[in-house]
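Breakdown of the fold
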Amino acid sequence: MYPSLTAFPGDLFAEFDAMQRLLGMGAWQPSSIRAAARGAFPAVNMGTTDEAVEIYAFAPGLDPAKIEVCVEKGLLVISGVRASEAPHVSDNFHVYAKERYEGAFKRVVGLPEEVDASRIEATYRDGVLRVVVAKRESMKPRRIEVNGLEQIQHKQ
Amino acid sequence: MDMNQKGLRREANEEAQAAPLVPPVDIWEDNDGITLKADLPGVAKEGLAVGVDGETLTIEGAVSLGESAKLKDVYAEVRVARYRRTFVLGRDLDSEKIAARLKNGVLELRIPKLEAAKPRRIPVRVA
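Below, the structure is looked at part by part. (Residues numbered from 1 in each chain as written. Chains lettered and ligands numbered in written order. Predicted model: local features only at pLDDT ≥ 70, side-chain atom pairs only at ≥ 80, totals over all residues. Heavy atoms only, no water.)

Section: the environment of A:Ala59
By the element assignment, A:Ala59 lies in the loop between strand S2 (52–58) and strand S3 (68–72). Residue A:Ala59 is classed as buried on the basis of its relative accessible area of 4%. The sequence separation of A:Ala59 and A:Ala83 amounts to 24 residues, and the corresponding C-alpha distance is 12 Å. The residues contacting A:Ala59, other than those within four sequence positions of it, are A:Phe41, A:Pro42, A:Tyr124, A:Gly127 and B:Pro41. (Helix = DSSP H or I, 4+ residues; strand = E, 2+ residues; numbered from the N terminus. Buried < 20%, exposed > 50% of the residue type's maximum accessible area, 1.4 Å probe, protein only. Contact = heavy atoms within 4.5 Å.)

Quick look at the structure:
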């Protein structure tokens with residue numbers, strides 16, 4: 001009835017894959033053993049700053065109280081359930097598209113070695129879960145004072 | 001309905017080389033209209049634009065995570081910070097009365113049918 005309303009979404013990674021092929025980076029390119037198949041829910045981005053490692057999980061439409069975030073042996077595990085919202089097909093409803101993820105989900109992210117798993121913060125805003133894991137003090141970049149020869153001699 | 005379109009256009013020009021993400025949707029119809037739900041994680045109310053031009057409905061959203069500028073990407077599955085998807089509305093839908101609601105990154109649109117287009121039972125008279 002509305003064919004344009006039911007068009008399937010494009011592949012988010014098609015372009016990137018095409019670029020990789022173009023550059024001759026094929027299947028032999030190593031990837032993380034825990035990297036999920038494309039289209040996994042929720043999509044995850046990870047970045048680092050000098051102070052922390054930040055993980056963003058694109059998980060819209062969840063109740064923040066029901067999102068499970070745990071750290072175990074250097075792994076961050078994000079899990080939960082996304083309930084179905086579209087009605088079942090019946091006399092009163094026609095369902096034209098059902099592309100949004102529904103059901104249980106679980107994503108595992110390997111954390112870098114330099115994080116302090118006891119200092120971890122999670123916030124949920126606009127459907128994005130942001131997990132900030134602080135880096136260990138000893139791992140933070142710092143400036144080392146360089147002493148001149150004279151200064152060292154003074155101390156003796 | 002036409003929120004912040006200028007801002008979105010400007011961003012669109014800056015990122016013109018990367019195609020926007022196509023948000024997944026659920027669409028269903030009942031007797032009074034059509035309901036559309038779209039996943040737009042990371043889009044705040046200010047970054048969302050829902051517009052109707054003739055019979056074309058356009059949903060555009062800009063992702064703003066509020067991350068610090070010092071953040072260096074280590075691994076990314078979401079590589080474009082924009083969503084865009086368009087639909088052609090039927091003539092039986094009332095594009096003047098579309099209601100939009102955005103909560104936790106999910107946009108819900110309710111597009112009512114024109115009164116004339118609602119289903120009616122035609123009584124059959126026995127001759």
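Text resumes after the structure shown.
Things to note about the interface of chain B and chain A
Of the residues lining the interface, 47 residues belong to chain B; the matching set on chain A comes to 50 residues. The junction of chain B with chain A conceals about 4100 Å² of combined surface from both sides, 55% of it contributed by carbon and sulfur atoms. On the surface where chain B and chain A come into contact, there are five salt bridges. Our count for the chain B to chain A interface comes out at 21 residue pairs in polar contact (both at pLDDT 80 or more). Of the residues that constitute the side of chain B that touches chain A, the class distribution is 26 nonpolar, eight polar and 13 charged. As paired strands, strand S5 (residues 94–98) of chain A and strand S1 (residues 25–29) of chain B are joined by four bridges and run antiparallel to one another. Note that in S1(B) the partner of A:Val95 across the bridge is B:Trp28. (Buried area = accessible area lost by both parts, 1.4 Å probe. Salt bridge = Lys/Arg side-chain N within 4 Å of Asp/Glu carboxyl O. Polar contact = N/O pair within 3.5 Å; in protein donor to acceptor, adjacent residues only side chain to side chain. Nonpolar A, V, L, I, M, F, W, Y, C, P; charged D, E, K, R; others polar. Pairing = 2+ DSSP bridges.)

Some words on the nonpolar core
Counting 31 residues, the largest nonpolar core has A:Phe58, B:Ile27, B:Leu36, B:Leu57, B:Ile59, B:Leu107 and B:Leu109 as the members making the most contacts within it. For this core, the secondary structure elements donating two or more residues are S2 and S5 of chain A together with S1, strand S2 (33–39), strand S3 (43–53), strand S4 (56–63), strand S6 (82–88) and strand S8 (106–112) of chain B. Residues contacting B:Leu107, with those up to four places away along its chain left out, are B:Leu36, B:Lys37, B:Ala38, B:Leu40, B:Leu48, B:Val50, B:Ile59, B:Ala100, B:Arg101 and B:Leu102. (Core = buried A, V, L, I, M, F, W, Y, C linked by side-chain atoms within 4.5 Å.)

Points about the packing of aromatic side chains
Residue and element names in this part refer to chain A. For the structure on display, the rule yields two aromatic pairs over all chains. With a centroid separation of 4.8 Å and an interplanar angle of 0 degrees, the aromatic rings of Phe41 and Tyr101 are classed as stacked. Of this pair, Phe41 sits in the loop between helix H1 (14–22) and strand S1 (43–48) while Tyr101 sits in the loop between S5 and strand S6 (103–110), placing them 60 residues apart in sequence. Aromatic side chains Phe41 and Phe105 sit 5.3 Å apart centroid to centroid with 80 degrees between the ring planes, which places their arrangement in the edge-to-face category. Linking Phe41 in the loop between H1 and S1 with Phe105 in strand S6, this pair joins segments that are 64 residues apart in sequence. Taken together, the ring pairs in this structure connect Phe41, Tyr101 and Phe105 into an aromatic cluster. (Phe/Tyr/Trp six-rings, centres within 6.5 Å; stacked < 30°, edge-to-face > 60°.)

A word on the pattern of salt bridges
With the rule as written, the count across this model stands at 17 salt bridges over all chains. Here B:Arg110 makes a salt bridge to B:Asp30, at a shortest N to O gap of 3.0 Å. Of this pair, B:Arg110 sits in strand S8 while B:Asp30 sits in the loop between S1 and S2, placing them 80 residues apart in sequence. The class of B:Arg110 is partly exposed, set by a relative accessible area of 25%. Of the charged contacts in the structure, one is a salt bridge between B:Glu108 and B:Arg101, with a shortest N-O distance of 3.2 Å. Taken together, the shared-partner salt bridges in this structure form one network comprising A:Arg82, A:Arg100, B:Asp26 and B:Asp39.

Observations concerning the pairing of S2(B)
Remember that side chains alternate between the two faces of the sheet whenever the strand is regular. Residues and elements named next belong to chain B. Judged by how many residues are buried, S2 sits mostly within the fold: seven of seven residues are covered. Side-chain alternation along S2 places Gly33, Thr35, Lys37 and Asp39 on one buried face and Ile34, Leu36 and Ala38 on a second face that is also buried. Bridging between S1 and S2 involves five bridges; their strand directions are antiparallel. By the bridge assignment for S2, Asp26 is matched with Lys37. Where S1 hands over to S2, the hairpin turn is made up of three residues, counted between the paired strands. In this sheet, S8 lies alongside S2 in antiparallel orientation, the contact comprising seven bridges. Residue pairing for S8: Lys37 is matched across the bridge by Glu108.

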